[in-house]
Amino acid sequence: MLQILDIKKSFGELHVLRGVDLDVEQGDVVAIIGPSGSGKTTLLRCINFLEKADSGTLIFDNEKFEFDKITKKEIARLRRKTAFVFQNYNLFLNKTALQNVTEGLIVARKMHKAEAVEIGKKALDKVGLSDRYDYYPSQLSGGQQQRVAIARAIATNPEIIFFDEPTSALDPELTGEVLSVMRDLANEGMTMLVVTHEMGFARTVSNKVIFMEDGVIVEQGSSKEFFENPKEERTKAFLRTIQ
Ligand code: ADP
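Residues numbered from 1 in each chain as written. Predicted model: local features only at pLDDT ≥ 70, side-chain atom pairs only at ≥ 80, totals over all residues. Heavy atoms only, no water.

Assigned secondary structure in the protein chain consists of 9 helices and 10 strands. Relative to its length of 243 residues, the protein chain is compact, with a C-alpha radius of gyration of 18 Å against a globular reference of 18 Å. For the protein chain, the residues scored as buried account for 50% of the 243 residues in total. Considering only intrachain contacts with a sequence separation of at least 6, the fraction spanning at least 24 residues in the protein chain is 64%. Element-wise, carbon and sulfur atoms account for 47% of the exposed surface of the protein chain, whose accessible area totals about 11800 Å². (Helix = DSSP H or I, 4+ residues; strand = E, 2+ residues; numbered from the N terminus. Rg over C-alpha atoms; globule rule 2.2 N^0.38 Å. Buried < 20%, exposed > 50% of the residue type's maximum accessible area, 1.4 Å probe, protein only. Contact = heavy atoms within 4.5 Å. Areas by Shrake-Rupley, 256 points an atom, 1.4 Å probe, with all protein chains shown as cover.)

Here is the structure:
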């Protein structure tokens, strides 16, 4: 479904992505893990064009694009098939939970309000917020706000959802409810690419793991193989530090 070939990105002299390849198939839940500063977030942001990669190729649904040549129109078209969940939720603070979910459907997708509201309510129901449609972000916990953000992602019916450290801004007692929603999505077959520090999630929910360090993929494979039988010394060292 999604393939990345030799993506590179520098910030000035700092080579953050030094040639990364990635392959995501439909239904995959891919966890991108690795030490802080290894380029995980930059990779995810480049794939969704929130950051401009210097070079590399993207293949999505059998269409091929070069990161340095892609047009705004092509980006807009690709974005319609994807959704992004941010670390800090990125909700409109002056809009209710339901309005946050319907806004993009009405404004960007030109959907009729009644239809958007119906879809929005369904999405909020799905993340366990059927009693919070009319609450503003300030009236919701961090976990609930992130679930609104996930509902907003689901409502656009994406082919893949990108998650950038979705639980790292949350107090530990609130991460469980967000991970549980993500687990449900995974079980329904949603394709997901997740930058995460949650090893429990990587181990039990994702089917593939990518371990990055210093802008390259050190090791990737099935979650089972990765955690039970890591091959690279650097992977083993990393796993020792987190266990
Ligand atoms: P990770 O997600 O693995 O923690 P990041 O992708 O956030 O890593 O960052 C990788 C490196 O790129 C870090 O050294 C970070 O400071 C740097 N970096 C990220 N974004 C920018 C930016 N916009 N400008 C300059 N440096 C950046």
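This part takes up the UniProt feature "domain: ABC transporter" (unreviewed entry) in the protein chain. Within the UniProt annotation, "domain: ABC transporter" (unreviewed entry) is assigned to residues 2–239. Helix and strand shares over residues 2–239 are 38% and 26% respectively, and the end C-alpha atoms of the span are 27 Å apart. (UniProt positions renumbered as here; feature names shortened; annotations may be inferred.)

Attention shifts here to the sheet that holds strand β3 (residues 29–33). Pairing within the open sheet is mixed, and its 6 strands lie in the order β6-β7-β8-β3-β9-β10. If you trace the sheet from one side to the other, it starts and ends with β6 (82–85) and β10 (216–222), each paired once. Neighbour to neighbour, the strand axes of the sheet diverge by 15 degrees on average, direction disregarded. Contacts from helix α5 (residues 142–155) reach β6 and β7 (160–164) within the one sheet, and its direction differs from that of β6 by about 175 degrees. (Pairing = 2+ DSSP bridges. Axes fitted to C-alpha atoms, helices over the stretch in contact; angles between N-to-C directions.)

The subject of this paragraph is the site of the ligand. Taken together, Phe 11, Leu 14, Val 16, Pro 35, Ser 36, Gly 37, Ser 38, Gly 39, Lys 40, Thr 41 and Thr 42 are the residues near the ligand. Within the backbone of Gly 39, an N or O atom sits 3.0 Å from an oxygen atom of the ligand. Within the contact set of the ligand, an oxygen atom lies 2.9 Å away from a backbone nitrogen or oxygen of Thr 41. Considering the ligand on its own, with 560 Å² of exposed area, one finds that the protein chains cover 60% of that surface. Elements represented by at least two residues in the shell around the ligand include exactly β2 (14–24) and α1 (40–47). Of the residues forming the shell around the ligand, the biggest block, 3 residues, is contributed by α1. When its residues are assigned to classes, the shell around the ligand shows 4 nonpolar, 6 polar and 1 charged. (Near = heavy atom within 4 Å. Polar contact = N/O pair within 3.5 Å; in protein donor to acceptor, adjacent residues only side chain to side chain. Nonpolar A, V, L, I, M, F, W, Y, C, P; charged D, E, K, R; others polar.)

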